[in-house]
Amino acid sequence: MTPGPVTPEIQVLVVEDDPVAADAHQLYVDRVPGFAVAAVAHTRAEAVRALDRVRVDLLLLDLYLPDGHGLQLLRSLRAAGHGADVIAVTSARDLAVVREGVSLGVVQYVLKPFTFATLRDRLVRYAEFRSTAGEASGQDEVDRALATLRTPQPTRLPKGLSSPTLEAVTRVLRAAPDGVTAAATGLELGISRITARRYLEHLVTVGRAVRSPQYGQIGRPELHYRWLAEAR
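Just so we're clear, the structure is a prediction, and the values are computed from it rather than from any experiment. Sequence positions are assigned chain by chain, starting from 1 and proceeding in written order. Residues qualify for local features only when their pLDDT is at least 70, as the model is predicted, and side-chain atom pairs are given and counted only at 80 or more; totals for whole chains, interfaces and linings, by contrast, use all residues. Heavy atoms throughout the structure, all of them, feed into the side-chain values; hydrogens and water do not.

A look at the packing of aromatic side chains
Moving on, step 1. Between the rings of Phe, Tyr and Trp (Trp by its six-membered ring), a pair exists once the centres lie within 6.5 Å; its type follows the angle of the planes, with under 30 degrees stacked, over 60 edge-to-face, and the other angles tilted. Per the stated rule, a full pass over the model turns up one aromatic pair.
Moving on, step 2. Aromatic pair Tyr28 and Phe116: ring centres 5.5 Å apart, planes at 55°, arrangement tilted. A residue pair is termed long-range when its members are at least 10 positions apart, and Tyr28 in helix α1 (residues 19–30) and Phe116 in helix α5 (residues 116–131) qualify at 88 residues. Residues Tyr28 and Phe116 agree in their burial class; the two are buried.
Moving on, step 3. The positively charged end of Arg31 is found above the aromatic ring belonging to Phe116, 3.8 Å away from the centroid. Strands here mean DSSP runs of E at least two residues long; helices mean DSSP runs of H or I at least four residues long; both are numbered from the N terminus. Burial classes follow relative accessibility: with a 1.4 Å probe on protein chains only, a residue under 20% of its type's maximum area counts as buried, one over 50% as exposed, and anything between as partly exposed. Only when the NZ of Lys or the CZ of Arg is both within 6 Å of the ring centre and within 35 degrees of the ring normal is a charge said to sit over the ring.

Focus: the nonpolar core
Moving on, step 1. Buried residues of nine kinds, namely Ala, Val, Leu, Ile, Met, Phe, Trp, Tyr and Cys, make up a nonpolar core once their side-chain atoms join them within 4.5 Å. Residues Leu13, Val15, Leu59, Leu61 and Leu63 are the most contacted members of the largest nonpolar core, which totals 23 residues.
Moving on, step 2. Elements with a minimum of two residues in this core: β1 (10–15), β2 (35–41), α2 (44–53), β3 (58–62), α3 (70–79), β6 (85–90) and β7 (106–111).
Moving on, step 3. In this structure Val15 touches Ala41, Thr43, Ala47, Leu59, Leu60, Leu61, Asp62 and Leu65, once residues within four positions along its chain are discounted. Residue contacts follow a heavy-atom distance rule, with two residues in contact if any of their heavy atoms lie within 4.5 Å.

Observations regarding α1
Moving on, step 1. Between the first and last residue of a helix there are one fewer steps than residues, each counted as 1.5 Å, and that sum is the expected span. With 12 residues, α1 ought to run about 16 Å at 1.5 Å a step, and its terminal C-alpha atoms sit 16 Å apart, in line with that.
Moving on, step 2. Within the sequence span of α1, burial applies to Ala21, Ala22, Ala24, His25, Tyr28 and Val29. Across the axial projection of α1, the buried residues extend over an arc of 160°, all falling on one side. Exposed and facing more than 90 degrees away from the buried side of α1 are Val20, Asp23 and Leu27. Taking the helix axis as origin, the arc is that swept by the directions to the C-beta atoms.

What about the pairing of β3?
Moving on, step 1. Among the five residues that make up β3, five are buried, leaving the element largely enclosed by the rest of the structure.
Moving on, step 2. Here β3 shows no split at all, with Leu58, Leu60 and Asp62 on one side and Leu59 and Leu61 on the other all buried.
Moving on, step 3. A pair of strands is considered paired only if DSSP assigns at least 2 bridges between the two. Note that β1 and β3 share four bridges and pair parallel. Within β3, the residue paired with Val15 across the bridge is Leu61.
Moving on, step 4. Relative to β6, β3 runs parallel, the two being bridged by five bridges. From the neighbouring strand, Leu58 faces β6, where its bridge partner is Asp85.

Quick word on helix α8 (residues 182–189)
Moving on, step 1. Buried within α8 are the following residues: Ala182, Thr185 and Gly186. Projected onto a plane normal to the axis of α8, the buried residues spread over an arc of 95° and lie on a single side. Every exposed residue of α8 that faces more than 90 degrees away from the buried side is listed here: Leu187 and Glu188.
Moving on, step 2. Taken together, the buried residues of α8 touch α7 (163–174), α9 (193–205) and β9 (221–227).
Moving on, step 3. Downstream of α8 by a residue or two, Gly190 has a phi angle that is positive, lying close to 75°.

As for the pattern of salt bridges
Moving on, step 1. Any Lys or Arg side-chain nitrogen found within 4 Å of a carboxyl oxygen on Asp or Glu counts as a salt bridge. According to the stated counting rule, one finds five salt bridges in the structure shown.
Moving on, step 2. A salt bridge links Asp121 to Arg125; the nearest nitrogen and oxygen atoms lie 3.5 Å apart. A residue pair is termed a helical-turn pair when its members lie 3 or 4 positions apart in one helix, as Asp121 and Arg125 do in helix α5 at four residues. Arg125 shares its class with Asp121; the two are buried.
Moving on, step 3. Members of the salt-bridge network, linked through shared partners, are Asp121, Arg122 and Arg125.

Some words on the sheet that holds β3
Moving on, step 1. The strand order β2-β1-β3-β6-β7 describes an open sheet built from five strands, whose pairing is parallel. Two strands lie at the open edges of the sheet, namely β2 and β7, each paired on one side alone. Averaged over all neighbouring strand pairs, the angle between strand axes comes to 20°, with direction disregarded.
Moving on, step 2. Taken together, the six bridges between β1 and β2 define a ladder with parallel strand orientation. Bridge pairing links Gln11 to Ala36 in β2.
Moving on, step 3. Strands in contact with α2 are β1, β2 and β3; relative to β2, the strand with the most contacts, it is inclined by about 135°.
Moving on, step 4. Along the sheet, α3 contacts β3, β6 and β7; its crossing angle with β3, the most-contacted strand, is approximately 150°. Only C-alpha atoms enter the line fits that serve as axes; for helices the fit covers just the stretch in contact. Angles between N-to-C directions range over 0 to 180 degrees.

Okay, structure coming up:
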């Protein structure tokens, strides 16, 4: 049997001035099949150099850079004829900025802080949209193609977890910069340690928290959970 054509990976340029967030974004992108990080830039100038050096299909672009706004970078790229698509990653909620970004070719916005699942959904939808080819048979097909890009899937919690309790656990975790245990979380919220640990482990799974063992006086390690913040 003759193997089919190999679909090239979508090459992503991560543009993020915070080194910790940039590392997290690179890790997230590399976990999504069909995507690869071509380069990481921490400034507008580094991004321009990277675009001259490597093939880039998609920018994962932070809008607040130390040497200029991300949309300024995008304007200069469009003026130079660069057609790479853009997913904006930002804490900005100004809808005027969103409208300007759309006019410059921003195909998605991801608000900080976000989970791996959120970015994965956007990347998968972008890949589906990018793979569409040929001539549409009518308006319905055009609408379906655009809906693939624009309409996010609702986030579903694992069976047995509820949104109100998850929000409560998240508040406890965010209020503890040095970390918190499942036992302490359960005590504060009036739930069992086992239940608290399920929610904390879910936050680890979706990339919003990290866990690490800490040793007590009797030498047994106890898991501590710490909120992983990306928004500045």
